[in-house]
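Remarks on the overall topology
Each chain, written out:
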Amino acid sequence: MKNTDGYILMTSVLLVILLGLLSTGYFLTTRNDIQTNRAINRSATGTLAAEAGLAVRAPLLVPVLKSKPAPEGTPVDETSGTPPCTGNNVGTRDFACQTYTFNGRTVHTYLVPEVAARTGLRIPANQPFGGLFNFERRYVVRSRAVNSDGTVEAIVGARLKLREIPLFQFNAYFERDLEYSPGSGSTINGPIHTNGRLYLNSNDGKLRFNSYVTASQGVYRGQKAVNGYGGIIPSQGSTITCGGAQIYDGWTYRWLPSEYTPADCYNPSAIPENVLRTTWNGRVTGNRAVVTAPVPDYTGFGPGNRGWDAADLRIVADIRGNSGNAKIEVRNADNTTNQALTTALQNCNASSPTVWWTRDQAPGFYDGREAKYMATVEVDARNLLTCMHTTMKGSVAPLDDDTDGGLVWYFSVEGPDSDRLNNYAVRVRNGFWLWTNGSANDAPGIRGLTVVTNQKMYVYGDWNINNPRPSAFMADTLTVLTGNWLDSRSAQKVENRPAVTSYYNFAVMANIADSRPYWNSGHQQNFIRLLEDWRGKDFHWTGSMVSLGEPRTTGSAFRYWDPGSESARWNDPTQAYYSVPRRFFNFDDRFSTPSGLPPITPVTTYVRVEDLERTYNR
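Summarised in this report is the structure supplied together with it. (Residues numbered from 1 in each chain as written. Predicted model: local features only at pLDDT ≥ 70, side-chain atom pairs only at ≥ 80, totals over all residues. Heavy atoms only, no water.)

1. Structural notes on the overall build of the protein chain
A tally of helices and strands in the protein chain yields six helices and 34 strands. Here the protein chain, with 618 residues, has 52% of them falling under the buried criterion. Partitioning the contacts of the protein chain with sequence separation of at least 6, the portion at a separation of at least 24 is 67%. Per element, the accessible surface of the protein chain, about 26100 Å² overall, is 51% carbon and sulfur. (Helix = DSSP H or I, 4+ residues; strand = E, 2+ residues; numbered from the N terminus. Buried < 20%, exposed > 50% of the residue type's maximum accessible area, 1.4 Å probe, protein only. Contact = heavy atoms within 4.5 Å. Areas by Shrake-Rupley, 256 points an atom, 1.4 Å probe, with all protein chains shown as cover.)

2. Some thoughts on helix 5 (residues 381-389)
For helix 5, a buried count of nine out of nine residues is recorded, marking the element as mostly surrounded by other parts of the structure. Buried within helix 5 are the following residues: A381, R382, N383, L384, L385, T386, C387, M388 and H389. Where helix 5 begins, one side-chain oxygen reaches toward the backbone nitrogen of R382, 3.3 Å away; that side chain belongs to D380. (Polar contact = N/O pair within 3.5 Å; in protein donor to acceptor, adjacent residues only side chain to side chain.)

3. Things to note about the nonpolar core
Residues Y180, F209, W409, F411, W463, F506 and I528 are the most contacted members of the largest nonpolar core, which totals 88 residues. By size, the runner-up hydrophobic cluster in this structure holds 29 residues, among which are F133, I165, L167 and Y298. (Core = buried A, V, L, I, M, F, W, Y, C linked by side-chain atoms within 4.5 Å.)

4. Structural notes on the state of the cysteines
Formally, a disulfide is one covalent bond, and it connects the sulfur atom of one cysteine to the sulfur atom of another. In total, this model carries two disulfides according to the counting rule given. Residue C85 pairs covalently with C97 via a disulfide, S to S 2.1 Å. Its S-S torsion of approximately -90° makes the covalent link between C85 and C97 left-handed. Here C85 is found in the loop between helix 1 (2-67) and strand 1 (98-102), whereas its partner C97 is found in the loop between helix 1 and strand 1, with 12 residues between them in sequence. Like C97, C85 is buried. Covalently, C348 is tied to C387 through a disulfide, its sulfur atoms 2.1 Å apart. The disulfide joining C348 to C387 has a torsion of about 85° about its S-S bond and is therefore right-handed. Placement of the pair is C348 in helix 4 (residues 339-351) and C387 in helix 5, with a sequence separation of 39 residues. Note on accessibility: C348 and C387 belong to one class, buried. (Disulfide = S-S within 2.5 Å.)

5. A look at the pairing of strand 29 (residues 507-510)
The alternating pattern of strand 29 places A507 and M509 and V508 and A510 on opposite faces, both of which are buried. Across three bridges, the pairing between strand 26 (residues 471-474) and strand 29 is parallel. What sits directly across from F473, in strand 29, is V508. The pairing of strand 29 with strand 32 (residues 545-547) spans three bridges and is classified as parallel. Paired with M509 across the strands is V546, a residue of strand 32. (Pairing = 2+ DSSP bridges.)

6. A short note on the pattern of salt bridges
Under the criterion given, the structure shown has 31 salt bridges. D404 is the salt-bridge partner of R306, the closest N and O atoms lying 3.2 Å from each other. Separated by 98 residues along the polypeptide, R306 in helix 3 (residues 306-310) and D404 in the loop between helix 5 and strand 22 (407-414) bring together distant segments of the chain. R306 sits in the partly exposed class, given a relative accessible area of 26%. On the accessibility criterion, D404 (33% relative accessible area) is partly exposed. Residues joined in a network through salt bridges with shared partners are D318, R320, K327, E329, R331 and E414. (Salt bridge = Lys/Arg side-chain N within 4 Å of Asp/Glu carboxyl O.)

7. Overview of the sheet that holds strand 6 (residues 178-180)
With parallel pairing, three strands are arranged side by side in an open sheet as 6-9-12. The open sheet has two free edges, formed respectively by strand 6 and strand 12 (219-221), since each of these has just one partner strand. The sheet shows a mean angle of 15° between the axes of neighbouring strands, direction not considered. Relative to strand 9 (residues 198-200), strand 6 is paired through three bridges, and the arrangement is parallel. Within strand 9, the position partnered with L178 by the bridge is L198. (Axes fitted to C-alpha atoms, helices over the stretch in contact; angles between N-to-C directions.)

Laid out in structure tokens, this is it:
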């Protein structure tokens, strides 16, 4: 009996111990679960706070990245012993820490570079402007949520891809409305884009597009409306044949749908977006997001403007207080006179005309479209290249300099009304071969040449045809003159100014006015202006067209009068200033590679935001 009692007692004690252990285990498990749940909740709260900080900071940084060549300031050092956004490790300017409070957490946000080097990358085909190359720099914006104990509960980040797309990759890029209405057949190679509305029409129905066609405010079959958007008034009650256009869909050409064409070709309606995308397999769209135009002013006068700052030579005709005569000066980057180079240029002029001045008076250079004599800076391109290699050698960049892709020349006129409507111009000639003349045959070849002015630009004679180099003109407006041009005939009726078949190889960034009531832009085919009788002659041009807005220093609407039906106007040099050539306009395929671009090619910038990381502290 005693043995049994002892056994029962021992069993009871063991059961009590076991129950105690189970209770303790349950308590500990419950406490751990509570602590885990609390940690998860804290982590979730911290993550939400960090994401809130990211949602605030990232949109603030996007316009900063788009507005500058690169962010300014010093970034946070993420490798130092001092945590980001504490002590002195707070970054400066665009990279500086910004702190917010969300859900009781202190949230530190900052920007750091990930890959700052510019590399030529192709944009994926499924993204806007797929297939074009861009210069991409990558940055990361991070957001760290810190609790009241000073513990970092969560870190989230996003990658900001700053993409700079060279605009000379487009056959045509227009900031405002883009109008195609050639009088005869035309084939457009290379992509086109407008941030405005795109109007497509041709009189003979032979307008073709071989690449991507995009607009931000709709695609229209026909011409701008008489009484609708903007609008133009057809002259003399004329009617326009509404021939439409064809666009390549990747397999074949397809017509713009005829059901969206008004009977008289005016007042067209936008073609529905679903029709555009399905008909051309995504190669045509009318609601592409607006492409941000270049922020720097490429043609502006003086420091702080892209063309001026990048220029290897800045030559200014100063006519202030000179009774219409000009002092030709070479300017430094700060716009002070470089007397040594000015003297060197004078010595070059004494040997061969290099840069000189033409007064705005008869029998000088008369522009019938502007109805004015032009006060002109005259430039002989080959003589100036020779001057750089000889008389100026050692004081200017070598001819084969590849900074910014090659040589940049800036020309301007400093006088009354220089920054508004005027009759100042720059005329460049002798550019058939962009090389030095025979007196400097030891000179290296140039990498490229871009000529910039804030005034009107005239290209006199064939340009960049023999052994062509990447070349561009940047100006308020641009007019070409053939080698047959004579100033002595410039104020006579147009048939006394016969053109010859001519060839031009350059990109151009200039301005064109929008068509509006009683003001016709002349459309894309007249973006490059003409002043001669081109009947029966060929106008060959290869390059890219970029227009960023309305002319600043150039006036005059487009006017064309038929020599047969409107002979009175045809014989008036202030009314008829050119006749229509056979146009052969081609995109320069060399511009599709980074090495083939002209110097200081303008770029448009956009930022692609991508999720990057999420780190939790549990």
